[in-house]
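Fold and geometry: a report
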Amino acid sequence: MVDFPWKERYDLDDFRRVIAILRHPGGCPWDQAQDHHSIRRNFIEEVYEACEAIDTEDPVLLREELGDVLMQVLFHASMEEDAGRFTVDDVADTAVKKLIFRHPHVFGQRSVSGVGQVLENWDELKREEKGQRTETDTLNAVARSLPALWRAEKVQKKAARAGFAWPEIAGALDKLDEEARELREAVSGGGDSVEELGDLLFAAVNAARYLDADPEEALHRATEKFIARFGLMEALAAADGSGLRALSTRELAAYWQRAKEMEKETAHP
């Protein structure tokens with residue numbers, strides 16, 4: 001049994017020590033068996049759970065979930081420390097130096113007129129820091145591990161800063177219509193429908209950018225609306241003594257329309 005003291009309150013050093021204990025002989029066999037790749041998904045899930053706490057404005061849950069995110073950071077850093085490549089203090093050193101470099105209006109002599117200029121300077125300094133010499137370099141630097149909608153949005157924003165954008169949303173909507181037609185043609189004519197579907201989604205993300213809308217959030221809202229309407233449709237069918245799987249496509253469409261109309265009545269009594 002590991003000798004670890006009970007305290008009324010632990011700090012970050014205690015957290016680091018617990019992670020080290022778990023990962024080394026005498027600790028936990030599961031923790032000792034992990035590597036960066038085996039817990040990669042855990043990292044992503046913990047970040048999303050912290051985001052859920054933010055969305056629900058639950059500070060107690062947020063404190064817990066931030067602890068889980070921090071645990072992942074310490075876990076990965078502990079593995080690198082064992083490998084002799086870097087420690088969590090090296091992580092902190094890199095992060096602090098980056099923040100100082102990217103905030104010359106705070107730690108240096110540069111002046112800014114507002115938030116907009118802060119963001120412009122941030123992009124400029126990031127390009128300098130990363131050695132990005134061309135606009136294409138900035139697009140390639142967007143992480144491929146991002147959710148596809150967010151990655152598309154970031155790529156499009158960077159392209160727009162280089163001047164590659166329509167002056168108003170009408171151009172983006174026309175492109176959306178064009179991609180929808182091309183998808184129909186690919187499906188009916190045996191073309192590459194998956195590629196055309198990707199183009200359609202990419203065009204939809206671009207339209208979201210002109211609306212200043214988060215495409216991930218827009219899709220989440222659409223999904224929640226679908227679930228609610230689906231549940232209402234199922235309830236309507238059940239009230240008539242029918243199960244959804246026994247209904248024809250036409251009957252399902254009719255129930256869907258009834259559910260949609262009931263939603264509108266509820267929203268606008």
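A brief look at the structure comes next. (Residues numbered from 1 in each chain as written. Predicted model: local features only at pLDDT ≥ 70, side-chain atom pairs only at ≥ 80, totals over all residues. Heavy atoms only, no water.)

1. Quick word on the overall build of the protein chain
Counting its regular elements, the protein chain contains 13 helices and zero strands. Relative to its length of 269 residues, the protein chain is extended, with a C-alpha radius of gyration of 25 Å against a globular reference of 18 Å. With the C-alpha coordinates aligned to their principal axes, the bounding extent of the protein chain is approximately 65 × 55 × 45 Å. A buried classification covers 21% of the 269 residues belonging to the protein chain. Sequence separation of at least 24 residues holds for 49% of the intrachain contacts in the protein chain that already meet a minimum separation of 6. In the protein chain, the 35 positive side-chain charges and the 53 negative ones have mean positions that sit 3 Å from each other. (Helix = DSSP H or I, 4+ residues; strand = E, 2+ residues; numbered from the N terminus. Rg over C-alpha atoms; globule rule 2.2 N^0.38 Å. Buried < 20%, exposed > 50% of the residue type's maximum accessible area, 1.4 Å probe, protein only. Contact = heavy atoms within 4.5 Å. Lys, Arg positive; Asp, Glu negative; His and termini not counted. Charge placed at Lys NZ, Arg CZ, Asp CG, Glu CD.)

2. Observations regarding the pattern of salt bridges
Evaluated as defined, the whole model comprises 15 salt bridges. D93 is the partner of K97 in a salt bridge, and the nearest nitrogen-oxygen pair spans 3.1 Å. Of this pair, K97 and D93 are both found in helix α5 (residues 88–102), four residues apart, which corresponds to roughly one turn of the helix. The class for D93 is partly exposed, based on a relative accessible area of 35%. One salt bridge connects K175 with E178, and the closest N-O pair in it is separated by 3.2 Å. With K175 and E178 both in helix α10 (residues 169–189) and three residues apart, the pair spans about one turn of that helix. Looking at K175, the relative accessible area reads 27%, which means it is partly exposed. Note on E178: relative accessible area 28%, which makes it partly exposed. (Salt bridge = Lys/Arg side-chain N within 4 Å of Asp/Glu carboxyl O.)

3. Remarks on unusual backbone geometry
Phi is positive for E57, which is not a glycine, with a value near 50°. Relative to the helices and strands, E57 is located in the loop between α3 (40–55) and α4 (59–83). Taking relative accessible area as the criterion, E57 reaches 68% and is therefore assigned exposed. At D212, a position not held by glycine, the phi torsion is positive, near 55°. With respect to the helices, strands and loops of the structure, D212 is situated in the loop between α11 (193–210) and α12 (215–239). Judged by its relative accessible area of 73%, D212 falls in the exposed class.

4. Digging into the side chain of E216
Residue position: E216 is located in helix α12. Although buried, E216 forms no salt bridge, and the nearest oppositely charged side chain, R151, lies 12 Å from it. When residues no more than four places from it in sequence are discounted, the contact partners of E216 are P147, L149 and W150.

5. Side note on a negative patch on the surface
On the surface, a cluster of negative charge is contributed by E49, E52, D55, E57, E64, D214 and E217. With three residues, the single largest contributor to the negative patch is α3. (Patch = residues over 30% accessible without salt bridge, like charges linked within 9 Å, V, L, I, M, F, W, Y side chains within 5 Å. Areas by Shrake-Rupley, 256 points an atom, 1.4 Å probe, with all protein chains shown as cover.)

6. Topic: the packing of aromatic side chains
Describing an aromatic ring pair means giving the distance of the ring centres and the angle of the ring planes. Within this structure, the stated rule accounts for four aromatic pairs. Ring geometry for F4 and Y10: centres 5.9 Å apart, planes at 25°, overall stacked. Here F4 falls in the partly exposed class, since its relative accessible area comes to 26%. For Y10, a relative accessible area of 36% gives the class partly exposed. Where F226 meets W256, the ring centres are 5.4 Å apart and the plane angle is 40°; that geometry is what we call tilted. Of the two residues, F226 sits in helix α12 while W256 sits in helix α13 (residues 249–267), which places them 30 residues apart along the sequence. Of the residues examined, W256 reaches a relative accessible area of 24% and is grouped as partly exposed. (Phe/Tyr/Trp six-rings, centres within 6.5 Å; stacked < 30°, edge-to-face > 60°.)

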